[in-house]
Each structure stands twice: as C-alpha cells, then as structure tokens.
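# Structure at a glance
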Amino acid sequence: MKVIEHLARATEPMISFEVIPPKRGGDISSLLEVIDDIAKYKPPYIEITSHAAEVVYDENSGKIKKRIIRKRPGTLGICALIQKKYNIDAVPHILCQGFTREETEDFLIELQYLEIENVLAIRGDENSYKKPVDPGRSINLYALDLVKQMNDMNQGKYLDEALLDAKATDFCIGVAGYPEKHFEAPNIDFDIAYLKKKLDTGAHYVVTQMFFDNKVYFDFVDKCLASGIEAPIIPGLKIATTTKQLTNIPRHFHVDIPNEFAMEMIDAKPEHHLEIGVNWAKKQVEELLNKNVPAVHFYIMQNSKPVTMLMKKLGY
Ligand code: FAD
C-alpha cells in the first residue's frame, strides 16, 4: 500500500523506521535482526537508504591506489525481502547522485515488477567520485528532476519518446524537507520554495531531516503551510546515544543539538548516555504526538536497541 494511503487510513499516529544496507561484503543477518526487532511494532512501512559510488584511496608501501566502490549496495534486494518476508511496505530511497536517468528508469521498472509502490526521491550529496556520463545518457541534477522523471513515468512517459503504449507506473513519491534548512540553501524561504516545487511536480509527502528541538519542526510546518504546502510533513527523529554524536550529527547533517541535551550527555557517565538519549527522544515523541503529527519516522540505521527501549517507555 502507498504511504499516503497508510496515512489516510491510520486511526492512530504511525511509527515508521529507516534502515541502511550492510557494507559491501557484509552479512545481512544483523540487519535482519534489526528488522525482526522493529517488525514487532507493525510499522506501515520501512525506508531503506541508497548509496552512490565513491572514490577510496589505499596507501601501500608509499604507493597510492585509487578505487571506485559503492560501499553499500543492496537497496533493491532488501526492499524485496522486507515486502515478501515481513509483509511490510518498503520505501527505497532513489538518488540522483551516482545514477543516470536511464539507470533510474530501469530501477523503477524493477520496483514495479516487485510490487513496490513507494519511493523517496533524494538528490544525494556530492562525494569524491563524479560518475562520467556516457554519450546518449543523462542525469538528474536535483531531487526535483528525479520527481519529474518519476511523475512522467506515472503518466506513462518514459525516456524513450518513441515508446508507445508504455504502461504508466503508480508510485507514491516522498521527498526530503529540512526544518533547519538544507545546508546549501541561501535561506529557509528559498529551500521551502524548492520543496514546494517538488510537491507541485508530483511528490506526495515530505519526510524531514532529523531535529532535536521540536520547535524547529513546528516552525517549519507553519512556514510550509504559509507557502501553500498541504502535503503531510512526517517528522524524522534520530536517538543520539553517545557524546561523539553531539559533534558528528551537526557535522554530517547540519542540525543543532539543544544545549540542555548536550550538557546532560557531557555531564553524565557513558553508561547513562543511552538512557539520556532515549529519554530526550521520548519527550520529543510525546510532544509531537500530542500535537497530532501524521506520523513519526525513526532513523535507526543498523541499531534497534535505542528505539526498542523508547517504544517500551512509550508503552508500545
Ligand atoms: P534537493 O531537493 O535537490 O535540494 C538540494 C539543495 O538544492 C537545497 O539547498 C535546495 O534548496 C536546492 N535546490 C533544489 N532544487 C533546486 C534547483 N532546481 N535549483 C537550484 N537549487 C535547488 N543521502 C543519501 O546519499 N542516501 C539516502 O538514502 C538519503 N536519504 C535521505 C532521506 C532524508 C529524509 C533526508 C532528509 C536526507 C537523505 N539523504 C540521503 C541526504 C540527502 O542526499 C542530502 O541532504 C542532499 O544534500 C539533498 O538531498 P535533497 O533530495 O533534499 O536535494
């Protein structure tokens, strides 16, 4: 079922989760244990991240060797597994970065055959590797371009214009939103204007970047409403459970961590960090649910322990 249908039918707030594929050569069993853990909460859907190829340099006896490697393949296989084994809808993330539009079209066809009805259209970040584009191939620069491609396929328009009677796909399309603004955007109004364009071009709902202060989410939703956005805006939450994350999260995701939470972590012994992080998330979730958010989405990646603790504290 589509994410927007889940949202429309839900009689209580939905809780969804996001996982990350194992590293290339890694074992799927630990991810399956994570999915076993979260499947108990009967999530309407699980999102699976996608990862572009990057350049890695190995230094050996003074010689530097360049390798191009996609560290975490497997998004499609994990989606199929989640739908078939767990009977939970899978939402693959699909990137502009690292994929041609032709590869994206093929991927969307695979999804359709696997009866995967949901996709999250994401640009991806520039990394050390810029894939050369062969003649006759093309790329999507922004998530907006990717949404347009997906929406075109939903209208039966494929890249090959000579293709007649092509079967229209029927994907439910999600996109990313940034309560604290995307780091490249000159200001929040600019960023929201492009978010609106993604929705006007065919996207159906928004999932936010993680935030640790609910006020930024509520202010963002108000600004989106004022700019004419009516689509559901699903809050994305991460449970921070180490002091390392207090600097890593702002560095990688460009979001603030409230001082009250940061100081509580810094002042506590390491054995208390998990509990402090879970309690902070609990306060966030309770306030969000009290304010009737459509759903709460957890970035759990490959660790279900904090979220399992949280769900217990929340009475699930
Ligand atoms: P876009 O919507 O394209 O926006 C990127 C920037 O460009 C913004 O500043 C926007 O204001 C601006 N902009 C947009 N359109 C235009 C335009 N036409 N002209 C000029 N400026 C424009 N990364 C991964 O690698 N894999 C994942 O699976 C993944 N999943 C994610 C899931 C969520 C919910 C979120 C919030 C992020 C995720 N990311 C993932 C990270 C994401 O790739 C980065 O945040 C990326 O920098 C932006 O992606 P986007 O889809 O928001 O980009």
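For the structure itself, look to the data block above.
What comes next is a walk through the structure. (Residues numbered from 1 in each chain as written. Predicted model: local features only at pLDDT ≥ 70, side-chain atom pairs only at ≥ 80, totals over all residues. Heavy atoms only, no water.)

### Structural notes on the packing of aromatic side chains
- In the structure shown here, the tally under the stated rule is seven aromatic pairs.
- When the ring of Phe 17 is compared with that of Tyr 41, the centres are 6.4 Å apart and the planes differ by 45°; the resulting orientation is tilted. A residue pair is termed long-range when its members are at least 10 positions apart, and Phe 17 in strand β1 (residues 14–19) and Tyr 41 in the loop between α2 (29–39) and β2 (45–48) qualify at 24 residues.
- Assessed through its relative accessible area of 21%, Tyr 41 is described here as partly exposed.
- Look at Phe 17 and Phe 298: their rings are 6.1 Å apart centre to centre, the planes differ by 25°, and that puts the pair in the stacked class. Placement of the pair is Phe 17 in strand β1 and Phe 298 in strand β10 (residues 295–301), with a sequence separation of 281 residues. (Phe/Tyr/Trp six-rings, centres within 6.5 Å; stacked < 30°, edge-to-face > 60°. Helix = DSSP H or I, 4+ residues; strand = E, 2+ residues; numbered from the N terminus. Buried < 20%, exposed > 50% of the residue type's maximum accessible area, 1.4 Å probe, protein only.)

### A closer look at the site of the ligand
- As a matter of local geometry, the ligand sits amid 23 residues, with Asp 125, Tyr 178, His 182, Asp 191 and Lys 198 nearest to it.
- In this structure, an oxygen atom belonging to the ligand sits 2.9 Å away from a main-chain N or O atom of Gly 124.
- Measuring from an oxygen atom of the ligand, one finds a side-chain N or O atom of His 182 at 2.7 Å.
- In isolation the ligand offers 980 Å² of accessible surface; the protein chains occlude 87% of this area.
- Counting residues per element, the ones that place at least two in the shell around the ligand are β5 (89–95), β6 (118–122), α6 (188–200) and β8 (205–210). (Near = heavy atom within 4 Å. Polar contact = N/O pair within 3.5 Å; in protein donor to acceptor, adjacent residues only side chain to side chain. Areas by Shrake-Rupley, 256 points an atom, 1.4 Å probe, with all protein chains shown as cover.)

### Looking at a nonpolar patch on the surface
- A cluster of nonpolar side chains, contributed by Val 133, Ile 139, Leu 141 and Tyr 142, occupies part of the molecular surface with about 390 Å² of accessible area.
- Positionally, Leu 141 belongs in the loop between β6 and α5 (143–154).
- The class for Leu 141 is exposed, based on a relative accessible area of 56%. (Patch = residues over 30% accessible without salt bridge, like charges linked within 9 Å, V, L, I, M, F, W, Y side chains within 5 Å. Salt bridge = Lys/Arg side-chain N within 4 Å of Asp/Glu carboxyl O.)

### Comments concerning the layout of surface pockets
- One number sums up the size of the second largest pocket: a volume of about 350 Å³.
- Considering the residues around the second largest pocket, the lining is formed by 17 residues, among which Gln 97, Glu 126, Lys 130, Ile 139 and Leu 141 are closest to the centre.
- When the residues that make up the lining of the second largest pocket are grouped by side-chain class, the tally is six nonpolar, five polar and six charged. (1 Å grid on protein atoms, 1.4 Å probe; cavity = no way out; pocket = protein on both sides within 12 Å on 5 of 7 lines; lining within 4 Å. Points joined across faces, edges and corners; volume = space filled by probe spheres on them. Nonpolar A, V, L, I, M, F, W, Y, C, P; charged D, E, K, R; others polar.)

### Overview of the side chain of Gln 284
- Checked against the element boundaries, Gln 284 lands in helix α10 (residues 273–290).
- The contact partners of Gln 284, leaving out residues within four places of it in the chain, are Phe 211, Phe 212, Asp 213, Asn 214 and Leu 237. (Contact = heavy atoms within 4.5 Å.)

### With respect to unusual backbone geometry
- Positive phi outside glycine occurs at Lys 42, with the angle close to 45°.
- Summarising the element assignment, Lys 42 is placed in the loop between α2 and β2.
- Look at Lys 42 and you get exposed, because its relative accessible area is 71%.
- In this structure, Asp 165 is a non-glycine residue whose phi angle is positive, near 55°.
- Of note, Asp 165 is situated in the loop between α5 and β7 (172–177).

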